[in-house]
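A structural walkthrough
Each chain, written out:
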Amino acid sequence: SESLVEVTAESTGNEDYFPERDIATWYRQHRNSERSVWCLAKRGLAETLSSYRYLVERLQTNVVICVDGGIDGLFRGDETDLGTPSMDTVSVFATHLCGAPIRTYASVGFGTEGAEGSVSHAQGLRRMAELVAKDAALGVGFIQRNSPSGLGFLDAVDFVFSRMQPVRRSIMVSSIVAAVRGEFGRRVVHPKTVERPPWIS
């Protein structure tokens, strides 16, 4: 549809930047597995929810995990800075309402959002504590770089990043890679972060 497209290793498109096809190609070449990447257009809640419901039904999905780069999806609205609330709100509501039996929200790259330091880490931690108090938190973890999942993640990122110009690489993924490799504090992780490096925690 206009709001949803399936990308496979066979898909054609922009040769300079096509990370969805590249990750499907990585699965084929490195995992001997044919995987599709489903891309949702930047739309409002109704169209996004329709796409999620279609995928849940078509793929017989039992679990949907909404992964947010950063912690701003946890915020209630009274924080000092909300990061990117419009994008996160649509994703969180759509996955919550999509009809899958299990729906989970996960935030990754804690501390990396808002390179200018406007998103408060303390407010994010307070929100996490409130979720813990309500038994609504499933836990906290990190990717160990020498574990099977850590090695696979780093290999997949290296593969995808090798197929695009450095300036086109994801700042969030670059920040997560830095954390997985044990870096900490203000770090230049991308050509676009020279002036305002993100905080790697």
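Everything below is about the structure shown above.
Residues numbered from 1 in each chain as written. Predicted model: local features only at pLDDT ≥ 70, side-chain atom pairs only at ≥ 80, totals over all residues. Heavy atoms only, no water.

**Here we look at helix H5 (residues 148-161)**
Because an α-helix completes one turn every 3.6 residues, residues spaced three or four positions apart along the sequence face the same direction. Here H5 spans 20 Å end to end across 14 residues, near enough to the 20 Å set by a 1.5 Å rise per residue. Inspection of H5 places Gly150, Gly152, Leu154, Ala156, Val157, Phe159, Val160 and Phe161 among the buried residues, and these make up the whole buried set. Those residues of H5 hidden inside the fold are in contact with helix H1 (19-31) and helix H6 (171-180). (Helix = DSSP H or I, 4+ residues; strand = E, 2+ residues; numbered from the N terminus. Expected span 1.5 Å × (residues − 1). Buried < 20%, exposed > 50% of the residue type's maximum accessible area, 1.4 Å probe, protein only. Contact = heavy atoms within 4.5 Å.)

**Structural notes on the pattern of salt bridges**
Note that side chains of opposite charge can pair when their charged atoms are close. What the rule picks out here adds up to 11 salt bridges. Where glutamate 15 meets arginine 21, a salt bridge forms, and the shortest distance between an N and an O atom there is 3.3 Å. With its nearest N and O atoms 3.4 Å apart, the salt bridge here joins arginine 43 to glutamate 47. The exposure class assigned to arginine 43 is partly exposed, which follows from its relative accessible area of 34%. For glutamate 47, a relative accessible area of 39% translates into the label partly exposed. (Salt bridge = Lys/Arg side-chain N within 4 Å of Asp/Glu carboxyl O.)

**Regarding the side chain of threonine 95**
Along the chain, the position of threonine 95 falls in helix H3 (residues 85-97). Within the structure, threonine 95 has its side chain in polar contact with the backbone oxygen of serine 91 (distance 2.9 Å). Only 3.1 Å separates the side chain of threonine 95 from the backbone oxygen of valine 92, close enough to count as a polar contact. (Polar contact = N/O pair within 3.5 Å; in protein donor to acceptor, adjacent residues only side chain to side chain.)

**Brief notes about the packing of H1 against H5**
Between H1 and H5, the shortest axis-to-axis distance is 9 Å and the interhelical angle comes to 125°. In terms of their interaxial angle, H1 and H5 are classed as oblique. Where H1 crosses over H5, the two elements pack in a sense that is right-handed. On H5, the residues that touch Pro19, Asp22, Ile23, Thr25, Trp26, Gln29, His30 and Arg31 of H1 are Gly152, Asp155, Ala156, Phe159 and Val160. Looking at side-chain class alone, the contact of H1 with H5 contains six nonpolar, four polar and three charged residues. (Axes fitted to C-alpha atoms, helices over the stretch in contact; angles between N-to-C directions. Parallel < 35°, antiparallel > 145°, perpendicular 65-115°, else oblique. Left-handed = near helix turned anticlockwise from the far one by under 90°. Nonpolar A, V, L, I, M, F, W, Y, C, P; charged D, E, K, R; others polar.)

**Notes on the packing of aromatic side chains**
Scanning all chains against the criterion turns up two aromatic pairs. Considering the side-chain rings of tryptophan 26 and tyrosine 27, the 5.1 Å spacing of their centres and the 75° angle between planes classify their relative orientation as edge-to-face. Look at tyrosine 27 and you get partly exposed, because its relative accessible area is 25%. Pairing phenylalanine 184 with tryptophan 199 gives two aromatic rings, centres 5.3 Å apart and planes at 75°, and the pair type is edge-to-face. In this pair, phenylalanine 184 is assigned in the loop between H6 and strand E5 (185-186) and tryptophan 199 in strand E6 (residues 199-200), connecting sequence segments 15 residues apart. (Phe/Tyr/Trp six-rings, centres within 6.5 Å; stacked < 30°, edge-to-face > 60°.)

**What about unusual backbone geometry?**
If you check the backbone angles, asparagine 32 has positive phi at about 50° while not being a glycine. Within the secondary structure, asparagine 32 sits in the loop between H1 and strand E2 (37-40). Phi at glutamine 60 takes a positive value of approximately 50°, unusual for a residue other than glycine. Among the structural elements, glutamine 60 can be located in the loop between helix H2 (45-58) and strand E3 (63-69). A relative accessible area of 60% places glutamine 60 in the exposed class.

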